[in-house]
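Tertiary structure, described
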Amino acid sequence: MTAQLGEPDPVEQRPIYLDYQATTPLDERVLTAMLPYLRENFGNPHSSTHAYGWQAEAALDIAREQVSALIGAAPGEVYFTSGATESNNTIIKGVMDVWGKVRPRLVTVCTEHKCVLESALYCQRQGYELVVLPVLADGIVDLDQVAEAVDERTALVSVMAVNNEIGVIQPLKEIGKIAKENGALFHSDIAQAFGKTPVDVNNLQLDLASISGHKIYGPKGIGAFYKRAGRATALSPLFSGGDQEAGLRSGTQAPALVAGLGMAAEIALAEMTADTEKSVGLSMRFKQRLFAALPGIQLNGHAEKRIASNLNLCFPGIDGELLLANIRSLALSSGAACASALTGPSYVLAALGLTETQAKSALRIGIGRFSTEVEIDQAVDVLVEAVTKLGGLRP
Ligand SMILES: *Cc1c(COP(=O)(O)O)cnc(C)c1O
């Protein structure tokens with residue numbers, strides 16, 4: 001079982017991939033599940049008069065079951081979109097549009113993905129009341145502050161499950177309880193948790209959740225949202241059109257991408273325990289070796305309330321961009337993929353109270369299904385060599 005990483009470079013020249021939070025390689029089994037819908041089964045799922053259409057629609061039905069099974073939802077509660085960005089936009093803007101007149105308040109957290117924060121700011125510009133909660137120094141939201149912010153005028157509480165930059169897990173169960181006590185809808189961007197750690201929408205009292213295909217070894221350009229059945233979760237769609245996805249997401253669905261997302265979800269469910277054991281083992285190995293060689297490195301975010309596969313580390317006294325330039329045989333990043341094009345330091349690390357210099361010394365190491373011990377050991381060697389070349393850590 002190997003990853004499909006594209007053709008041109010010979011294997012030995014490819015950088016070691018350690019950026020699994022930005023995206024994941026497509027699992028071969030996912031590609032196999034997609035191919036029929038790129039070839040002979042090319043029908044439009046909305047064509048109800050012939051077999052081509054029925055085949056394509058059947059692909060959507062299967063994937064809805066595969067995705068819903070991973071979060072304890074019913075298949076009819078899953079709606080396909082182009083990704084978690086679209087799902088978050090749809091939910092936040094769509095819920096406020098329906099419920100904001102009677103319940104004007106929207107509560108979220110400052111370390112959310114940009115697509116959540118920007119959607120929330122959009123709602124604020126529409127006249128709704130936005131509360132953006134801070135986090136504690138460990139990256140976890142303070143439940144007392146959640147309880148204070150959420151009131152009977154709150155339409156929606158949106159808190160991510162696992163942070164994409166620092167990997168910390170937010171206390172969704174407790175937040176869900178607060179949301180429900182106040183009659184607010186509860187949404188979570190579960191893009192970094194889905195398929196990696198158990199998420200049960202009923203146990204967490206989630207009304208809405210956003211999912212992405214390419215974070216779980218599926219294709220890019222596909223995602224979904226979960227919306228609890230019933231009137232209470234009514235939301236306005238972003239797109240007007242042919243009323244696909246029960247009117248919540250018009251536009252012809254992409255059966256190949258949907259089949260890929262479905263297969264990726266099925267594999268994630270079957271292999272979650274094995275994947276987790278592997279990433280726990282590899283990240284421990286990485287941490288032990290790196291911390292032993294370079295004492296002074298700091299882990300950002302809560303040490304235990306986290307997923308093992310994401311390690312966000314400060315290299316005191318070293319500029320992260322300079323370090324990256326010296327480790328070209330490793331593919332990793334200094335933070336979120338969408339933010340690393342910008343020059344400013346990470347707003348997530350700033351929210352933990354890190355200074356600009358500290359935040360600029362950080363790298364994110366993402367370990368995943370296709371990572372190996374050999375790669376981890378090489379990565380440690382490369383990092384240690386580069387840090388030494390740059391004069392060592394200066395805590
Ligand atoms: C990747 C990611 C997104 C965006 O997902 P796309 O499918 O790429 O639009 C949103 N939220 C989180 C937490 C993510 O990790």
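Whatever comes next refers back to the structure up there.
Notes on the structure in this doc start here. (Residues numbered from 1 in each chain as written. Predicted model: local features only at pLDDT ≥ 70, side-chain atom pairs only at ≥ 80, totals over all residues. Heavy atoms only, no water.)

Below, the discussion takes up the sheet that holds strand β11 (residues 298-299). With respect to topology, three strands assemble into an open sheet ordered β11-β12-β14, the strand pairing being antiparallel. The two strands at the open ends of the sheet, each matched to only one other strand, are β11 and β14 (362-366). Pairing of strand β12 (residues 310-314) with β14 involves five bridges; the strand directions are antiparallel. Bridging across to β14, Cys314 finds its partner in Ala362. (Pairing = 2+ DSSP bridges. Helix = DSSP H or I, 4+ residues; strand = E, 2+ residues; numbered from the N terminus.)

Turning our attention to the packing of helix α2 (residues 51-71) against helix α7 (residues 255-293). Relative orientation and spacing of two packed helices are given, respectively, by the angle between their axes and the distance between those axes. At their nearest, the axes of α2 and α7 sit 8 Å apart, and the two run at 30° to each other. Classed by the angle they form, the pair α2 and α7 counts as roughly parallel. As for the relative orientation of α2 and α7, their crossing is left-handed in sense. Taken together, the residues of α7 that come into contact with α2 (itself represented by Ala56, Ala59, Leu60, Ala63, Gln66, Val67, Ala69 and Leu70) are Pro255, Val258, Leu261, Gly262, Met263, Ala265, Glu266, Ala268, Leu269 and Met272. Grouping the amino acids of the contact of α2 with α7 by side-chain chemistry returns 15 nonpolar, two polar and one charged. (Axes fitted to C-alpha atoms, helices over the stretch in contact; angles between N-to-C directions. Parallel < 35°, antiparallel > 145°, perpendicular 65-115°, else oblique. Left-handed = near helix turned anticlockwise from the far one by under 90°. Contact = heavy atoms within 4.5 Å. Nonpolar A, V, L, I, M, F, W, Y, C, P; charged D, E, K, R; others polar.)

Per the counting criterion, the structure on display carries five aromatic pairs. Residues Tyr20 and Tyr217 carry aromatic rings whose centres are separated by 6.1 Å and whose planes lie at 55° to one another, so their mutual orientation is tilted. One end of the pair, Tyr20, is in the loop between β2 (16-17) and β3 (26-27); the other, Tyr217, is in the loop between β9 (208-212) and β10 (223-227), with 197 residues separating them in the sequence. Grouping residues by exposure puts Tyr20 and Tyr217 together as buried. Site record: aromatic cluster; members linked through ring pairs are Tyr17, Tyr20, Tyr217 and Phe370. Taking the ring centre of Tyr122 as reference, the NZ or CZ of Lys93 above it sits at 4.5 Å. (Phe/Tyr/Trp six-rings, centres within 6.5 Å; stacked < 30°, edge-to-face > 60°. Buried < 20%, exposed > 50% of the residue type's maximum accessible area, 1.4 Å probe, protein only. Lys NZ or Arg CZ within 6 Å of the ring centre and 35° of its normal.)

Right, let's talk about the site of the ligand for a bit. Taken together, 13 residues lie around the ligand, and Thr85, Asp189, Gln192, Ser212 and Lys215 are the ones closest in. A distance of 2.9 Å separates an oxygen atom of the ligand from a polar atom in the backbone of Ala84. Between the ligand and Lys215 there is a distance of 2.6 Å, counted from an oxygen atom to a side-chain nitrogen or oxygen. Here the ligand has 390 Å² of accessible area as a free molecule, and 88% of this is covered by the chains. Of the residues belonging to the shell around the ligand, the class tally is four nonpolar, seven polar and two charged. (Near = heavy atom within 4 Å. Polar contact = N/O pair within 3.5 Å; in protein donor to acceptor, adjacent residues only side chain to side chain. Areas by Shrake-Rupley, 256 points an atom, 1.4 Å probe, with all protein chains shown as cover.)

A few words now on the pattern of salt bridges. According to the stated counting rule, one finds 18 salt bridges in the structure shown. For Arg29, the salt bridge identified is with Glu271, shortest N-O distance 2.7 Å. Here Arg29, found in helix α1 (residues 28-38), pairs with Glu271, found in helix α7; they are 242 residues apart in sequence, far enough to count as distant. Residue Glu271 is classed as partly exposed on the basis of its relative accessible area of 24%. (Salt bridge = Lys/Arg side-chain N within 4 Å of Asp/Glu carboxyl O.)

For the rest of this paragraph, the subject is the side chain of Thr23. Tracing the sequence through the fold places Thr23 in the loop between β2 and β3. When its relative accessible area of 16% is taken as the criterion, Thr23 is described as buried. For Thr23, the side chain forms a polar contact with the side chain of Lys220, separated by 3.1 Å. Thr23 has contacts with Tyr17, His214 and Lys220, leaving out every residue within four places of it along the chain.

A separate point is the pairing of strand β7 (residues 154-158). Two faces, one strand: in a regular strand the side chains alternate between the faces of the sheet. Across the five residues that make up β7, a large majority, five, are buried. One ladder, built from three bridges, connects strand β5 (residues 105-109) with β7; its direction is parallel. Bridge assignment links Val107 to a residue of β7, and that residue is Val157. Pairing of β7 with strand β8 (residues 185-189) involves three bridges; the strand directions are parallel. Of the residues in β8, the one forming a bridge with Val157 is Phe186.

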